[in-house]
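Here are the chains, one letter per residue:
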Amino acid sequence: MIKWTLAAVIIGFLIDLAVGDPRWLYHPIRAIGNLIALLEKILRRCFPKGRAGERTAGVILVVLTVAVSTAVPLLILYFAYRINEWLGFVLETLMCYQLLATRALKDESMKVYDALMGGDIEKSRHAVSMIVGRDTKELTEEGVTKATVETVAENASDGVIAPLFYMMIGGAVLGFTYKSINTMDSMVGYKNERYRYFGTCAALLDDVVNYIPARLSGLLMVAASAVSGFDARQAFRIFKRDRRNHASPNSAQTEAVMAGALHVQLAGDAWYFGKLYEKPTIGDAGRPVEPQDIKRSNRLLYSTAVLSVIVFGLIRFAVMRAFQI
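Residues numbered from 1 in each chain as written. Predicted model: local features only at pLDDT ≥ 70, side-chain atom pairs only at ≥ 80, totals over all residues. Heavy atoms only, no water.

- Looking at an unreviewed UniProt entry, one finds the protein named Cobalamin biosynthesis protein CobD, with Ruminococcus gauvreauii as its source organism.
- Regarding the protein, the relevant UniProt record gives this comment under Function (unreviewed entry): "Converts cobyric acid to cobinamide by the addition of aminopropanol on the F carboxylic group." (UniProt positions renumbered as here; feature names shortened; annotations may be inferred.)

**Some details on the UniProt feature "transmembrane region" (unreviewed entry) in the protein**
Working step 1: Feature annotation in UniProt places "transmembrane region" (unreviewed entry) on residues 59-81, 160-178 and 300-319, given in this structure's numbering.
Working step 2: The span residues 59-81 carries 100% helix and 0% strand; its end-to-end C-alpha distance comes to 33 Å.
Working step 3: Within residues 300-319, the helical portion is 100% and the strand portion 0%, while the C-alpha atoms at the span's ends are 28 Å from each other. (Helix = DSSP H or I, 4+ residues; strand = E, 2+ residues; numbered from the N terminus.)

**Some remarks on the side chain of aspartate 242**
Working step 1: Mapped onto the elements, aspartate 242 comes out in helix α9 (residues 232-242).
Working step 2: Residues contacting aspartate 242, with those up to four places away along its chain left out, are Ala252, Ala256, Thr281, Ile282 and Gly283. (Contact = heavy atoms within 4.5 Å.)

**Thoughts on helix α4 (residues 85-98)**
Working step 1: Between its first and last C-alpha, α4 extends 20 Å over 14 residues, near the 20 Å set by a 1.5 Å rise per residue.
Working step 2: When we look at burial in α4, the residues that qualify are Gly88, Phe89, Glu92, Thr93, Met95, Cys96, Tyr97 and Gln98.
Working step 3: For α4, the elements touching its buried residues are α1 (5-19), α2 (28-46), α3 (51-83) and α7 (141-188).
Working step 4: Two or three places before tryptophan 86, at the opening of α4, asparagine 84 has a side-chain oxygen 2.8 Å from that residue's backbone nitrogen. (Expected span 1.5 Å × (residues − 1). Buried < 20%, exposed > 50% of the residue type's maximum accessible area, 1.4 Å probe, protein only. Polar contact = N/O pair within 3.5 Å; in protein donor to acceptor, adjacent residues only side chain to side chain.)

**Here's the deal with the packing of α1 against α4**
Working step 1: For the pair α1 and α4, interaxial distance at closest approach is 7 Å and the crossing angle is 50°. Classified by the angle their axes make, α1 and α4 are oblique. Crossing handedness for the pair α1 and α4: right-handed. Together, Thr5, Ala7, Ala8, Val9, Ile11, Gly12, Ile15, Asp16 and Val19 of α1 and Phe89, Glu92, Thr93, Cys96 and Tyr97 of α4 make up the contact between the two elements.
Working step 2: Here the contact of α1 with α4 is built from residues that sort into nine nonpolar, three polar and two charged. (Axes fitted to C-alpha atoms, helices over the stretch in contact; angles between N-to-C directions. Parallel < 35°, antiparallel > 145°, perpendicular 65-115°, else oblique. Left-handed = near helix turned anticlockwise from the far one by under 90°. Nonpolar A, V, L, I, M, F, W, Y, C, P; charged D, E, K, R; others polar.)

**Observations concerning the state of the cysteines**
Working step 1: Inspection of every chain in the model, using the stated rule, returns zero disulfides.
Working step 2: Residue cysteine 46 stays outside any disulfide, its sulfur separated by 17 Å from that of cysteine 201, the closest cysteine.
Working step 3: Here cysteine 46 falls in the exposed class, since its relative accessible area comes to 57%. (Disulfide = S-S within 2.5 Å.)

**With respect to the pattern of salt bridges**
It is possible for side chains bearing opposite charge to pair when their charged atoms get close.
Working step 1: Using the criterion set out here, one finds 13 salt bridges in the structure.
Working step 2: Between aspartate 242 and arginine 241 there is a salt bridge whose closest N-O contact spans 2.8 Å.
Working step 3: The buried category is assigned to aspartate 242, whose relative accessible area is 4%.
Working step 4: On the basis of relative accessible area, arginine 241 is assigned to the partly exposed category, the value being 40%.
Working step 5: The salt bridge partner of arginine 287 is aspartate 293, with a shortest N-O separation of 2.4 Å.
Working step 6: Taken together, the salt bridges that share partners define one network made up of Arg237, Arg241, Asp242 and Asp284. (Salt bridge = Lys/Arg side-chain N within 4 Å of Asp/Glu carboxyl O.)

**Notes on the environment of valine 188**
Working step 1: Considering the arrangement of structural elements, one finds valine 188 in helix α7.
Working step 2: Considering only alpha carbons, one finds valine 188 and cysteine 201, 13 residues apart in sequence, at a separation of 9.6 Å.
Working step 3: Those residues in contact with valine 188, other than ones at most four positions away along the chain, are Ile36, Glu40, Leu61, Tyr195, Phe198, Gly199 and Ala202.

**Concerning the nonpolar core**
Working step 1: Membership of the largest hydrophobic core comes to 84 residues, with the highest contact counts inside it found for Leu61, Val112, Val128, Leu164, Met184 and Met258.
Working step 2: Ranked by the residues each element gives to this core, the list is headed by α7, at 21 residues.
Working step 3: Residue contacts for methionine 258: discarding those within four places in its chain leaves Val149, Val152, Ala153, Met221, Leu266, Ser297 and Leu300. (Core = buried A, V, L, I, M, F, W, Y, C linked by side-chain atoms within 4.5 Å.)

**Some details on α9**
Working step 1: Here α9 has its buried residues at Ala232, Gln234, Ala235, Ile238, Phe239 and Asp242. The buried residues of α9 occupy an angular sector of 160° when the element is viewed end-on, so they sit on one face.
Working step 2: Looking at the buried residues of α9, the elements they touch are α8 (200-227), α10 (252-262) and β4 (281-282).
Working step 3: Where α9 begins, one side-chain oxygen reaches toward the backbone nitrogen of arginine 233, 3.3 Å away; that side chain belongs to aspartate 231. (Arc of directions from axis to C-beta.)

**Remarks on the packing of α8 against α10**
Working step 1: Where α8 contacts α10, the two axes come as close as 8 Å, and the packing angle between them is 15°. Between α8 and α10, the interaxial angle falls into the category roughly parallel. Pair α8 / α10 crosses with right-handed handedness. Contacts between α8 and α10 involve Ala214, Arg215, Ser217, Gly218, Met221, Val222 and Ser225 on the former and, on the latter, Gln253, Thr254, Val257, Met258 and Ala261.
Working step 2: Taken together, the residues of the contact of α8 with α10 break down into six nonpolar, five polar and one charged.

Here it is in C-alpha cells:
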C-alpha cells in the first residue's frame, strides 16, 4: 500500500480535474454523512439533554465516526492489495479521486457565476445556498459574489489541499479519516442552540487537523498567485495581517490570501439561521467585488491545487527514496 500511494494520489487528482463529481456516482462522503446523522439520532436518545450529556454524546459521535470511516477503507484496501496489487491500486486511486473536490468546487461556483451573468438573482441565491452555510435569501449580487469567492477560498483548503496533505502521508485511508472529521464539523460544528455542546468535540478536532494544512494552503496560494498573474505581494501582506480575522483559527488563512490577490474585501457581517453575526472584514476594498471574481478565484484555486500536488509529491518522493520504499 505504501509504495503505490504517490501514484494513486496523483492519478486520483487528475481524474478529479477531468471528471469532477457526477450526480449519478454515489459519493462515499454521503455515506459518512448518513452515518453521522444516524449516530446523532441514536446518541441523543441515549444521553440526557444539557451540557454534560450532549458533550459526552458528541465525543462518542467523533470516536465512532472516525473509527468506522477509517476502518472500512483500511480493510477494503488491505484485502484488495492482498488479492492483487493492481486491484488495490485501482481502488485506492478511485478513493483518492473521490476525496478531492477541485472540479466540483469550480463547477458549483460557476453555476452561481452563470446565474449572475444571466441576471437571475433568485437563481444565483439558490446556487450559492448549495455551497455556503449562511442565509442567502436576502443577498444582493455583491453579497452572492462575495459568498461564492469566500467559499472557493475556504474550501481550497478543506476540500483540496488538506485532503492532499493527508493522503500524501497516509494514502486514501488517512484521507478518509480527515474527511470524516471535516464532514462532522460541517454537520454538527455550529454554535447554535442545537449543537453548542453536542458539536464541541467535532469542531475542536476539525480545528486541530486543519491547523497545519490551512497555513500551508495559505502559503501555497500566495506562491500560486505569483505564477497565475495575481498580486502575490498584496496576497502575502493581507495573509499576514488578516489571517486571524475569523472565529475559526483556520478559515481566514486562504480567504485572506484570496482577498489580497484579487484586491477585494471579503467576510464581514453575515446571517446564519436567521441571526446576524458580526464578523470582521478580510482584505482592503481596493475595488468593488464583481462576478468575474468568481472566475478569478477558480483560476487561483486550480493553480494552488496543482502547485500543492507538485510540492507534496516531491516531498513524498524524497521521503520514499530516503527510506528506500
